[in-house]
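Summary of the model geometry
Below are the chains, spelled out letter by letter.
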Amino acid sequence: MLRHIVLFSAKDPADIPAIRDGLSILRDIPHARLLEVAVNERHDALSDEPDVVVYGEFDDAEALAAYKAHPLYQESIRRVRPLRDMRLAVDYTVPAE
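Here goes a summary of the coordinates provided. (Residues numbered from 1 in each chain as written. Predicted model: local features only at pLDDT ≥ 70, side-chain atom pairs only at ≥ 80, totals over all residues. Heavy atoms only, no water.)

Focus on the nonpolar core
Residues Leu-23, Leu-26, Val-54 and Tyr-67 are the most contacted members of the largest nonpolar core, which totals 20 residues. At the level of elements, strand S1 (2-10), helix H1 (16-24), strand S2 (34-39), strand S3 (52-58), helix H2 (61-69) and helix H3 (71-80) are the ones that each hand at least two residues to this core. When residues of this core are assigned to their parent elements, the largest contribution, 4 residues, is made by S1. Non-local contacts of Leu-26, meaning those with residues more than four positions away in its chain, are made with Leu-35, Val-54, Tyr-67, Leu-72, Tyr-73 and Ser-76. (Core = buried A, V, L, I, M, F, W, Y, C linked by side-chain atoms within 4.5 Å. Buried < 20%, exposed > 50% of the residue type's maximum accessible area, 1.4 Å probe, protein only. Helix = DSSP H or I, 4+ residues; strand = E, 2+ residues; numbered from the N terminus. Contact = heavy atoms within 4.5 Å.)

The following block contains the structure:
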């Protein structure tokens, strides 16, 4: 299984709901086992920079690639890119149990 985690910060804090909404359309893409979009609740005093997180689980790299090739992925980029400052992505494989 492949985990895909992406963190976003807003240029303007007032845009956090719009970023969340623009990313939430990603949940309608069928290639993920699980896809969550959430606003950072800021419980960590040492790191509160990210405003929104996308967490996804995919069967493999091919499923992630199909997810990124979906038209809703491009629509999400169109909505979110003008509003975001930082975007940081991490993908890693979870060993089979």
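Considering the sheet that holds strand S4 (residues 84-93)
Hydrogen bonds between backbone groups are what pair the strands of a sheet, and the pairing can be parallel or antiparallel. Strand order in this open sheet of 4 strands is S2-S3-S1-S4, and the pairing throughout is antiparallel. Strands with a single pairing partner mark the edges of an open sheet, and in this sheet they are S2 and S4. On average, adjacent strands in this sheet sit at an angle of 10° to one another, irrespective of strand direction. Relative to S4, S1 is paired through 8 bridges, and the arrangement is antiparallel. Across the sheet, Arg-3 pairs through a bridge with Tyr-92, a residue of S4. (Pairing = 2+ DSSP bridges. Axes fitted to C-alpha atoms, helices over the stretch in contact; angles between N-to-C directions.)

As for H2
Within the sequence span of H2, burial applies to Ala-63, Leu-64 and Tyr-67. Buried residues in H2, looked at end-on, bunch into an arc of 100°, giving them a common side. Facing away from the buried side of H2 by over 90 degrees, the exposed positions are Ala-61, Glu-62 and Ala-69. Summarising the contacts, the buried residues of H2 are in contact with S1, S2, S3, H3 and S4. (Arc of directions from axis to C-beta.)

Regarding the layout of surface pockets
Unfilled space is identified by rolling a water-sized probe across the atoms. Considering only enclosed or pocket space, the largest pocket measures out at about 210 Å³ in volume. For the largest pocket, the lining is made up of 14 residues, of which Phe-8, Leu-23, Tyr-73, Ile-77 and Arg-87 are closest to its centre. Secondary structure elements with two or more residues in the lining of the largest pocket: S1, H3 and S4. Sort the elements by how many residues they give to the lining of the largest pocket and H3 lands first, with 4 residues. Within the lining of the largest pocket, the residues separate by chemical class into 9 nonpolar, 2 polar and 3 charged. (1 Å grid on protein atoms, 1.4 Å probe; cavity = no way out; pocket = protein on both sides within 12 Å on 5 of 7 lines; lining within 4 Å. Points joined across faces, edges and corners; volume = space filled by probe spheres on them. Nonpolar A, V, L, I, M, F, W, Y, C, P; charged D, E, K, R; others polar.)

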